[in-house]
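Take a look at the letters that make up each chain.
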Amino acid sequence: MPTAYITHSDCYKHLTPMGHPEQVDRLRVIEDSLAKSNFDTLLRISAPVGTMDQVRLCHPQDYVLQIKNACPNHGYVTLDGDTHVSVGSFDAAMRAVGGVCSAIDLVIGGEARNAFCATRPPGHHAETDKSKGFCLFGTVSIGAKYAMKKYGLSRAAIIDFDVHHGNGTQDLVWNEPNIMFVTSQQMPLWPGTGEVSETGAHNNVINLPLKPYSSGAELMDAYQHSIFPKLAAYKPEILLISAGFDAHIKDPLANLNFSTEDFKNITKMLCEFADKHCHGRVVSTLEGGYDLPALADSVAAHVNVLMEHAK
Ligand SMILES: [Zn+2]
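Keep in mind the model is a prediction, meaning the values are calculated, not measured.

Engineer: Provide a residue-level description of the coordination of the zinc ion, including the pertinent values.
Structural biologist: Around the zinc ion, the protein contributes the donor atoms Asp162 (OD), Asp162 (OD), His164 (ND1) and Asp246 (OD), which lie 2.0 to 2.8 Å from the metal centre. Here the donor residues of the zinc ion are spaced in sequence according to D-x1-H-x81-D. Placement of the pair is Asp162 in the loop between strand E6 (156–160) and helix H6 (167–173) and Asp246 in the loop between strand E9 (239–243) and helix H8 (260–277), with a sequence separation of 84 residues. Just as Asp162 is buried, Asp246 falls in that class too.

Engineer: Quick rundown of unusual backbone geometry? Include the residues and the values.
Structural biologist: Here Arg120 and Pro121 are connected by a cis peptide whose omega angle stands at 5°. Inspection of the secondary structure assignment puts Pro121 in the loop between strand E5 (114–117) and helix H5 (139–151). Met187 connects to Pro188 through a cis peptide bond whose omega is 5°. By the element assignment, Pro188 lies in the loop between strand E7 (179–186) and strand E8 (205–210). Not every positive phi belongs to a glycine, and Asn203 is a case in point at roughly 55°. With respect to the element layout, Asn203 can be found in the loop between E7 and E8. With relative accessibility at 58%, the residue Asn203 sits in the exposed group.

Engineer: How would you sum up the side chain of Asp160? Please name residues and give values.
Structural biologist: With respect to the element layout, Asp160 can be found in strand E6. The side chain of Asp160 is buried and forms no salt bridge, while Arg26, the nearest opposite charge, is found at 12 Å. In this structure the side chain of Asp160 is engaged in a polar contact, spanning 2.7 Å, whose partner is the side chain of His124. Apart from the residues within four sequence positions on either side, Asp160 is in contact with His124, Gly166, Phe181, Val182, Thr183, Ser184 and Ser242.

Engineer: Outline the packing of aromatic side chains, listing residues and values.
Structural biologist: According to the stated counting rule, one finds 9 aromatic pairs in the structure shown. Measuring from ring centre to ring centre gives 5.8 Å for Phe134 and Tyr290, while their planes differ by 90°; the resulting arrangement is edge-to-face. Of this pair, Phe134 sits in the loop between E5 and H5 while Tyr290 sits in the loop between strand E10 (282–286) and helix H9 (292–310), and the two are 156 residues apart along the sequence. Three or more aromatic residues joined by ring pairs make a cluster, and in this case those are Phe161, Phe245, Phe258 and Phe263.

Engineer: Go over the pattern of salt bridges, please, and point to the residues and values.
Structural biologist: In the structure shown here, the tally under the stated rule is 9 salt bridges. Asp25 is the salt-bridge partner of Arg28, the closest N and O atoms lying 3.1 Å from each other. On the criterion of helical spacing, the pair formed by Arg28 and Asp25 is a turn pair, its members being 3 residues apart in helix H1 (residues 24–33). For Asp25, a relative accessible area of 30% translates into the label partly exposed. A salt bridge links Lys264 to Glu261, with the shortest nitrogen-to-oxygen separation between them at 3.8 Å. One end of the pair, Lys264, and the other, Glu261, are both in helix H8, 3 residues apart, so they sit about a helical turn from each other. Residue classification places Lys264 among the partly exposed positions, given a relative accessible area of 33%. Given the relative accessible area of 44%, Glu261 is considered partly exposed. Through salt bridges with shared partners, one network takes in Asp10, Lys13 and Arg95.

Engineer: Requested: an account of helix H3 (residues 61–70), with residues and values cited.
Structural biologist: Given 3.6 residues per turn, any residue in an α-helix points the same way as the ones three and four places further on. Of all the residues in H3, the buried ones are Tyr63, Val64 and Ile67. One face of H3 carries all of its buried residues, which in axial projection span an arc of 100°. What points out from H3, more than 90 degrees from its buried face, is the exposed set Asp62 and Asn69. Where H3 is buried, its residues contact helix H2 (52–55), strand E3 (77–80) and helix H4 (89–108).

About the cut-offs
Residues numbered from 1 in each chain as written. Predicted model: local features only at pLDDT ≥ 70, side-chain atom pairs only at ≥ 80, totals over all residues. Heavy atoms only, no water. Donors = N, O, S within 2.8 Å, 3.2 Å for Na, K, Ca; no water. Helix = DSSP H or I, 4+ residues; strand = E, 2+ residues; numbered from the N terminus. Buried < 20%, exposed > 50% of the residue type's maximum accessible area, 1.4 Å probe, protein only. Lys, Arg positive; Asp, Glu negative; His and termini not counted. Salt bridge = Lys/Arg side-chain N within 4 Å of Asp/Glu carboxyl O. Polar contact = N/O pair within 3.5 Å; in protein donor to acceptor, adjacent residues only side chain to side chain. Contact = heavy atoms within 4.5 Å. Phe/Tyr/Trp six-rings, centres within 6.5 Å; stacked < 30°, edge-to-face > 60°. Arc of directions from axis to C-beta.

Below, the structure written as structure tokens:
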């Protein structure tokens, strides 16, 4: 079975002010990187528009309409300090939602072994009724809840290796006993949450703070020794990944020391876990990553491993 690669040109229409790190070029460099011949066997899928029912798995309708109505005809509207919307932002965010749900359909339906969604805006900072940190809708959480609702899965796991705490995902799954959320983040760093003591209402949230300048090997060590035993006991039927690449040593927004090779190895480690415990089902969706060459290389390494595990 192939690896699905899901994106849509509408994701270029979410414009951010000049100099903003979450820029259109992020998607452009990823697309250029995955246009190379070694990615020819990807199952390339155009992300459908997400439905209101899908977004409402995580957000009240009033909030969704508030985001839609905030998008101006010209220029930008600032929703909070660093989250902006332009004319195409709602459509882009709805493609991100539709993209992750279509990835779930492909992977659970047996048309793809695993999937990567290259969509923007990212999602893991968006809370139930609050946009935050470049994010409008909690894409990865919507994917997890969609998988459970549509396919009757008993349990899902979300892994977040973005350098920033997945505060939004944590908020969206806090009371959800059937979704385990594991998030690693540099601490101290924005948004400031993500302490070990934040465990969810059902001990379903695992926070893994990392000191500045930590390496990828330290994260992998924590997974092998303390996370995987808990995850295996939890028995998730699918693994979703909030794939942020801003823990890269070259990233301008943080201070971790991950290499491109580390992202390859982390992906391998997660795919091996999924092979053993989750029928190989992995759905990964793009979060952060702001050094363009490092982002392009890291995504290529990530997708390459997904493809190797899809054979
Ligand atoms: Zn981030």
